[in-house]
Amino acid sequence: MNTLTDPIQDTRRRLLDALAAIIASKGYAATTIADLVAEARVSKRSFYEQFSDKADALLALYESATRQSFAVLRAAIDPARDWHDQLDQALGAYFATLASNPPLLRTLFVEIMALGPRGLAVRRQSAEAFADFIVQVAGPSLPKPLALAIVGGIHEWVLQAVEADAVAGLPALTAPASRLVRAVVDASAAGDAAPR
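Rules behind the numbers
- Residues numbered from 1 in each chain as written.
- Predicted model: local features only at pLDDT ≥ 70, side-chain atom pairs only at ≥ 80, totals over all residues.
- Heavy atoms only, no water.
- Salt bridge = Lys/Arg side-chain N within 4 Å of Asp/Glu carboxyl O.
- Helix = DSSP H or I, 4+ residues; strand = E, 2+ residues; numbered from the N terminus.
- Buried < 20%, exposed > 50% of the residue type's maximum accessible area, 1.4 Å probe, protein only.
- Phe/Tyr/Trp six-rings, centres within 6.5 Å; stacked < 30°, edge-to-face > 60°.
- Lys NZ or Arg CZ within 6 Å of the ring centre and 35° of its normal.

### Let's talk about the pattern of salt bridges
Phase 1: Under the counting rule described, the total for this entry stands at 7 salt bridges.
Phase 2: Among the ionic pairs, arginine 14 bridges to aspartate 10, the shortest N-O distance being 3.7 Å. Within this pair, arginine 14 and its partner aspartate 10 are both found in helix α1 (residues 7-26), separated by 4 residues, close to a single helical turn.
Phase 3: Overall, the relative accessible area of 30% leaves arginine 14 in the partly exposed class.
Phase 4: What makes aspartate 10 partly exposed here is its relative accessible area of 31%.
Phase 5: Aspartate 88 is paired through a salt bridge with arginine 182; the nearest N and O atoms lie 2.9 Å apart. Of this pair, aspartate 88 sits in helix α5 (residues 83-99) while arginine 182 sits in helix α9 (residues 174-189), placing them 94 residues apart in sequence.
Phase 6: The partly exposed category is assigned to aspartate 88, whose relative accessible area is 29%.
Phase 7: Residue classification places arginine 182 among the partly exposed residues on the basis of a relative accessible area of 25%.
Phase 8: Ionic contacts of the salt-bridge type, sharing partners, join the residues Glu128, Asp132 and Lys144 into one network.

### Structural notes on the packing of aromatic side chains
Phase 1: For the coordinates displayed, the defined rule picks out 5 aromatic pairs.
Phase 2: Plain terms: the ring middles of phenylalanine 70 and phenylalanine 130 are 6.3 Å apart, the flat faces sit at 70 degrees to each other, and that makes the pair edge-to-face. In this pair, phenylalanine 70 is assigned in helix α4 (residues 54-75) and phenylalanine 130 in helix α7 (residues 117-138), connecting sequence segments 60 residues apart. Assigned by exposure class, phenylalanine 70 and phenylalanine 130 land together as buried.
Phase 3: An angle of 50 degrees between the planes, with centres 4.8 Å apart, marks the rings of tyrosine 94 and phenylalanine 130 as tilted. On the criterion of sequence distance, the pair formed by tyrosine 94 in helix α5 and phenylalanine 130 in helix α7 is long-range, its members being 36 residues apart.
Phase 4: Above the plane of the ring of tyrosine 28 lies lysine 54, whose end atom (NZ or CZ) is 4.3 Å from the centre.

Functional significance is not addressed by these values, which are geometric in nature.
If you want it as structure tokens, here you go:
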């Protein structure tokens, strides 16, 4: 096994880390490719070997962070435990991960919308994947449209925390988010829920 770092992946990671840092301090609109390559200590050529433009880099950052978040969610699942316990564990891990990097969280929840339809598309894919995860944990009695509604509610709570500069408090959302999922699952199982 090769223990050396892949230079291409290292360059890409440095560019994505630099993008997150610069956007956090300047915002997406004010960030330039020159800022980015200076922060990452790479050439413009290296940037364009990885990304077609600044928007492409932001999409890659979003997708990378989303993959990491879902890895945390999946790792928190213990199939031997009751789904309620799994849900609490997964949501706690998710909120703790989000709270661990406030600048990146702002980028993912606010700045991604600067990309218009492209940003909305990756955000929607992420929400769909989160909804699928909730259905996987809660079971088939939860219709996907209701899981998407849960994700929308959770993401609104996160956005409020970002806007209020209260990201450190995100782990406290574990209990209310878990209660929300349980209430919707219970209502759905009772036949009181909306669309399927």
